[in-house]
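# Architecture and fold: a report
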Amino acid sequence: MKLSSFAYLAKYGVDSILGRQRAPILGTIILTDKCNLHCKHCSVNNITAVVHPYRRIKNEMKQLYIMGVRILFFCGGETFMWQSGGKTLRDLVVEAKQMGFLIVNVVTNGTFRLDLPEADLILLSLDGDKARHNAVRGDTYDLILHNINNATSDNICFYMAINKINKSAVKSVCELAKQTKNVRAVSFNFHTPYPDTAELALTKKEKEKCCRVISEMMKEGAPVFNLKSAFPYLINNSFPTPCRQCVVMENGKLSVCGRCISVDGLCEKCGYFFVAEYTLLFGGNVKIIAEMLKTYLKYI
């Protein structure tokens with residue numbers, strides 16, 4: 001991370017903790033909900049299968065920047081399927097950087113060629129070892145590892161959503177992140193139970209066990225891009241929600257924190273690690289602040 005970017009984000013954090021800053025800092029733009037997969041835990045794929053046009057996406061980027069957002073995520077659906085008016089995902093990342101966003105990340109399922117060195121991180125969904133990943137996402141594991149090994153940059157971060165199916169594969173994903181070329185880190189979430197996927201949600205004891213495994217792997221040097229200090233809050237769902245410093249833009253609609261905010265009662269069951277980490281950070285949690293500084297400087 002550039003020193004100027006770090007200084008800007010640090011000032012924002014201090015102002016937020018002191019109550020002087022209410023504008024969002026992290027924004028997500030949904031490029032499309034069109035996806036080539038039909039994962040068992042996903043409730044938001046192919047609802048409309050609309051690929052949002054370039055001009056609308058560019059306007060949303062400008063709107064978020066004016067609001068104060070400086071950390072930008074492009075999400076889907078599947079982001080690498082997005083094309084509009086001769087523009088591709090790479091064009092969006094480059095233009096976001098030129099616009100002034102300090103960190104630009106992309107979320108993908110990894111089934112397309114990974115040639116995006118301009119992104120700060122490519123968050124790639126890997127949901128376990130081969131058997132468990134394929135049980136969740138279909139027969140894609142070998143293709144994804146092939147694409148990772150042939151990626152043009154080492155900016156990949158595994159992105160695992162832990163659920164009933166893959167909860168015993170946390171260790172193997174940490175080990176794979178540690179030993180795989182082009183993979184910088186691994187980041188975890190717990191499954192957030194939309195009504196149609198509620199059966200995949202973890203119990204408190206299962207969350208405790210997963211966090212214990214992640215903590216042990218961190219001690220062994222696994223490159224985990226999460227904050228251990230937030231684990232107790234995630235286990236108990238005791239962190240504040242929603243995260244007011246995060247927004248999502250989809251087809252012109254702005255939502256605070258995430259799309260799931262529109263589902264009654266879902267915030268109280270939130271499994272997103274970054275929501276816990278950011279709300280605790282901006283609430284002034286000293287341990288979270290110290291750990292985030294160390295972690296972000298290491299992996300971004």
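Look up: the structure comes first, before these words.
Residues numbered from 1 in each chain as written. Predicted model: local features only at pLDDT ≥ 70, side-chain atom pairs only at ≥ 80, totals over all residues. Heavy atoms only, no water.

### Here's the deal with unusual backbone geometry
With the exception of glycine, most residues fall at negative phi, and the peptide bonds are largely trans. Cis geometry marks the peptide bond from Gly-76 to Gly-77; its omega dihedral reads 20 degrees. Examined against the element boundaries, Gly-77 turns out to sit in the loop between strand E2 (71-75) and strand E3 (83-84). Omega for the bond connecting Thr-241 with Pro-242 falls within 30 degrees of zero, at -5 degrees, which places this linkage in the cis form. Looking at where Pro-242 falls in the secondary structure, it is placed in the loop between helix H8 (231-236) and strand E9 (246-250). Of note in this structure, Asn-251 is not a glycine but carries a positive phi near 55 degrees. Mapped onto the secondary structure, Asn-251 falls in the loop between E9 and strand E10 (253-256). (Helix = DSSP H or I, 4+ residues; strand = E, 2+ residues; numbered from the N terminus.)

### Things to note about the packing of aromatic side chains
Two descriptors summarise a pair of aromatic rings, namely the distance from one centre to the other and the angle between the planes of the rings. In the structure shown here, the tally under the stated rule is nine aromatic pairs. With 5.4 Å between their ring centres and 80 degrees between their planes, Tyr-65 and Phe-101 make a pair best called edge-to-face. Of the two residues, Tyr-65 is situated in helix H2 (residues 54-67) and Phe-101 in the loop between helix H3 (89-99) and strand E5 (103-108); the sequence distance between them amounts to 36 residues. Residue Tyr-65 is classed as partly exposed on the basis of its relative accessible area, which comes to 25%. Among the residues examined, Phe-101 registers a relative accessible area of 3% and is labelled buried. Each member of the aromatic cluster is reached from another via a ring pair, and the members are Tyr-12, Tyr-272, Phe-274, Tyr-278 and Phe-282. (Phe/Tyr/Trp six-rings, centres within 6.5 Å; stacked < 30°, edge-to-face > 60°. Buried < 20%, exposed > 50% of the residue type's maximum accessible area, 1.4 Å probe, protein only.)

Any link to function would need more than the numbers given here.
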